[in-house]
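Below are the chains, spelled out letter by letter.
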Amino acid sequence: MKCNESNFIKRLQSKDEYALEYIVDQYLPLIKGILVKVLTPVRNSGLIEECINDVFLSVWDYSKKFQGDHTDFRKWICSVAKFKAIDYYRKASKKPEYSAENVDVGTGRSAEDEWIDSEERAEIIQLMNTLESVDREIFMMKFFMGCKTEDISNKLGLTKTAIDNRIYRGKRKLHSKAANLRLGENGL
Amino acid sequence: MKDIYELLNGMDFDESEFELMEISEVEKEKVKRGLKKSIKQKNRSSWKKGAAAAAIFVCLSAGMVGMTFPAYASSIPVIGDLFKFLDTGKTGMYDHYKEFSTELNMREESNGIKVTIQDAVFDGKTVSMTYAIESDKKLAENLLIEGSPEILGSPGMAGSSQVTRIDENHYVGLFRSTNLNQEGADHVNMVWKINSLSLPNSHTEIKGDWNFAFSLKAADQKEEVLNLSAKKDGVQVSITKISQTPMSFSLFYNQTASRNVRNQWDDVFVELDVKDNLGNSYSGEGNGGSGKDAYSMSWSSTFEKLDPNATELIVTPHVQVRKHTPENHGEAVITADGEKREVPIKQKPGKVKEDIVLDAMVIPLRD
């Protein structure tokens, strides 16, 4: 049976390679569009190819984490692509020869970047789970999806100041929790 | 606890800031292959656990393959329908070729390179065949095959060839060979001798010996003689025959030009725009042609499968007349003792080219 809009998610979740081929056919033009836009400043076409592979492979590996119908899937796979692209961008621009002009980081690298780059992503995600759902969404958009504060404020219908305040408070909360976590580890 | 993939679930995504990229079939295929390779590498360890069960399965299937193809064990069936795959412009021209083709799976190996003819189909005039090349070494993007397939007993042939790299070790391609002197044949004998593969980018040549010989029965053909013509500005195009097969149809046509056109232009080139009464547009490929000079030629073109519900074909000839200029034309004469002499081009005055669209001709289709 052919893969189509209504059955590909189930088939993907049951590790059917035809479903993987189907999503490549369907989403590659869009995924590549996202990766090219984020990764072009890095000037490394091999990186884009590597990232394409990584995006689809992650979707394959974590397909069970997805919930929803095919319109939700489109948003999900795009979000995975953008998150991966930013991740690759951050790793690549660690090298000094690349400028960071296209990412919303202001002057130099921020503490958040260092923090997210760190190998302790699992820990960060664990901490993110402790935030309220609105704050969590803001943090996801801001630090994992590279959205500008302005875009987030448009999407959520909150003022920019409100977003900034929430980020500030959220950061403080995370910092204190992270500090506790570290203390706890050291104490062992 | 939610992980990043679960957290990404609820994200709203604005696609409008991104553009869709154009992706070729080859690129898609490369991505798919890369993914399958990565999945396999990941699964390798878990495969070992089921090794005993897998071994039994492999034995069984090897036995079955052995019975079907005693001489040639096929190992390149990565792409099911090469005809469709190689239709890079997505014209649909080859959509029905695979189902009417003969699976040959003939393989020759020489110098570490395996050449496999996969499928071939003959429509009474043109042989179309797909092939795959597998190398144990990494090879460059461009590859040229020295040696074309030949139709035995044909005094005049035309052909086209296309080869595409899938990855560093694999290429696939499509050859079309047309017998200019015969149509409506019921079978064909082909030979294909490849002496070397050359890689123009690295100026290297891989010598070897890959020889194939096979016969093909022609697909069912239905021919109808026609007597239609259209004329404009001194150029006449006549359609003389239509031939239908289950996967395609071909139009046979002639062109002639008036004295005036001959004096003014150096060559005349006709292309047919084919539609049916249901509004379908048919894409096709020229099979080459022959004639006594550049003005009087007999051509044929093959188009994709006809819509069975169509009752009329509407054919509009688009004619391009051109002048030779040093930029668009070169000619050379090679004498019997191998001396090569370039023919200088005398450019005629005026415009370099002009397009003429002739009146449409209507071919009634009967069952």
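Residue positions are counted from 1 within each chain, in the order its sequence is given. Naming scheme: in the order in which they are written, chains are lettered from A and ligands are numbered from 1. Per-residue local features are limited, in this predicted model, to residues with pLDDT of at least 70; the limit for side-chain atom pairs, both in listing and counting, is 80 or more; totals at the level of whole chains, interfaces and linings are taken over all residues. Note that water and hydrogens are dropped before the side-chain values are worked out from all heavy atoms of the structure.

Comments concerning the sheet that holds strand β10 (residues 222-232) of chain B
Residue and element names in this part refer to chain B. When DSSP finds two or more bridges between two strands, those strands count as paired. Numbering of helices and strands runs from the N terminus; a helix is a DSSP stretch of H or I covering at least four residues, while a strand is a stretch of E covering at least two. Strand order in the open sheet formed by five strands is β10-β11-β12-β16-β15, and the pairing between neighbours is antiparallel. The sheet terminates laterally at β10 and β15 (284-291), the two strands that pair on one side only. Averaged over all neighbouring strand pairs, the angle between strand axes comes to 20 degrees, with direction disregarded. Sheet topology places strand β11 (residues 235-244) next to strand β12 (residues 248-257); nine bridges connect them, and they run antiparallel. Of the residues in β12, the one forming a bridge with Val 237 is Gln 255. Angles run from 0 to 180 degrees between N-to-C directions of axes, and those axes are lines fitted to C-alpha atoms, restricted for helices to the stretch in contact.

Describing the packing of helix α2 (residues 17-39) of chain A against helix α4 (residues 70-92) of chain A
All names here are of chain A. Running from amino to carboxyl end, α2 crosses α4 at an angle of 35 degrees, the nearest separation of the two axes being 9 Å. Here α2 and α4 pass one another in a crossing that is right-handed. Between α2 and α4, the residues in contact are Ile 23, Tyr 27, Leu 30, Ile 31, Ile 34, Leu 35, Val 38 and Leu 39 and His 70, Phe 73, Arg 74, Ile 77, Cys 78, Ala 81, Lys 82, Ala 85, Ile 86, Tyr 88 and Tyr 89, respectively. When the residues that make up the contact of α2 with α4 are grouped by side-chain class, the tally is 16 nonpolar, one polar and two charged. For a crossing to be left-handed, the near helix must be turned anticlockwise from the far one by less than a right angle; the clockwise case is right-handed. Working rule for contacts: check all heavy atoms of both residues, and any pair within 4.5 Å makes them a contact. Put simply, Ala, Val, Leu, Ile, Met, Phe, Trp, Tyr, Cys and Pro go in the nonpolar bin, Asp, Glu, Lys and Arg in the charged bin, and everything else, Gly too, in the polar bin.

Quick look at the interface of chain B and chain A
Much of the literature gives interface size as the accessible area that the parts lose upon coming together. Listed per partner, the contact involves 30 residues of chain B and 42 residues of chain A. Carbon and sulfur atoms supply 67% of the area buried between chain B and chain A, which totals about 3900 Å² over both sides. Throughout, buried area stands for the accessible area (probe radius 1.4 Å) lost by two parts on being put together, summed over both. For the chain B face of the interface with chain A, the top three residues by lost area are Tyr 5, Met 11 and Phe 13 of chain B, together amounting to 19%. Salt bridge, as applied in this entry: a Lys or Arg side-chain nitrogen positioned within 4 Å of an Asp or Glu carboxyl oxygen. Between the two partners, chain B and chain A, sit six salt bridges. Counting of polar contacts relies on pairs of N or O atoms within 3.5 Å, with two restrictions inside protein: one atom must be capable of donating a hydrogen and the other of accepting it, and residues adjacent in sequence are counted only when both atoms are side-chain atoms. Taken together, chain B and chain A are joined by twelve residue pairs in polar contact (both at pLDDT 80 or more). Secondary-structure elements contributing two or more residues to the side of chain B that touches chain A are α1 (4-7) and α2 (25-49) of chain B. Top contributing element to the side of chain B that touches chain A by residue count: α2 of chain B, with ten residues. Along the lines of polarity and charge, the residues of the side of chain B that touches chain A split into 14 nonpolar, three polar and 13 charged.

Focus: the confidence of the model for chain A
Residue and element names in this part refer to chain A. Per-residue confidence for chain A gives a mean pLDDT of 78; residues scoring 70 or more make up 78%. Confidence per residue, as judged by the predictor, is encoded in pLDDT with a range of 0 to 100. Ranking the elements of chain A by mean pLDDT puts helix α5 (residues 111-117) last with 55 and α2 first with 91. The low-confidence segment residues 96-107, where pLDDT is below 50, has 15 contacts with residues more than four positions distant or belonging to other chains. Throughout residues 184-188 the model reports pLDDT below 50, and contacts reaching past four residues in sequence, or to other chains, amount to one contact.

Some thoughts on the nonpolar core
The biggest cluster of nonpolar side chains holds 69 residues, and the ones touching the most others in it are Ile 23, Leu 35, Leu 39, Phe 56 and Phe 73 of chain A together with Leu 8 of chain B. Here the element with the most residues in this core is α2 of chain A; it accounts for 14 residues. When near neighbours in sequence (up to four residues on either side) are disregarded, Phe 56 of chain A contacts Leu 20, Ile 23, Val 24, Tyr 27, Leu 28, Ile 31 and Ile 77 of chain A together with Val 31 and Leu 35 of chain B. The set of buried Ala, Val, Leu, Ile, Met, Phe, Trp, Tyr and Cys residues whose side-chain atoms join them within 4.5 Å is what this entry labels a nonpolar core. The buried label applies to any residue whose accessible area, calculated with a 1.4 Å probe on protein chains only, is under 20% of its type's maximum; exposed applies above 50%, and partly exposed to all values in between. Ile 239, Phe 249, Val 274 and Ile 363 of chain B belong to the second largest nonpolar core, which has 32 residues in total.

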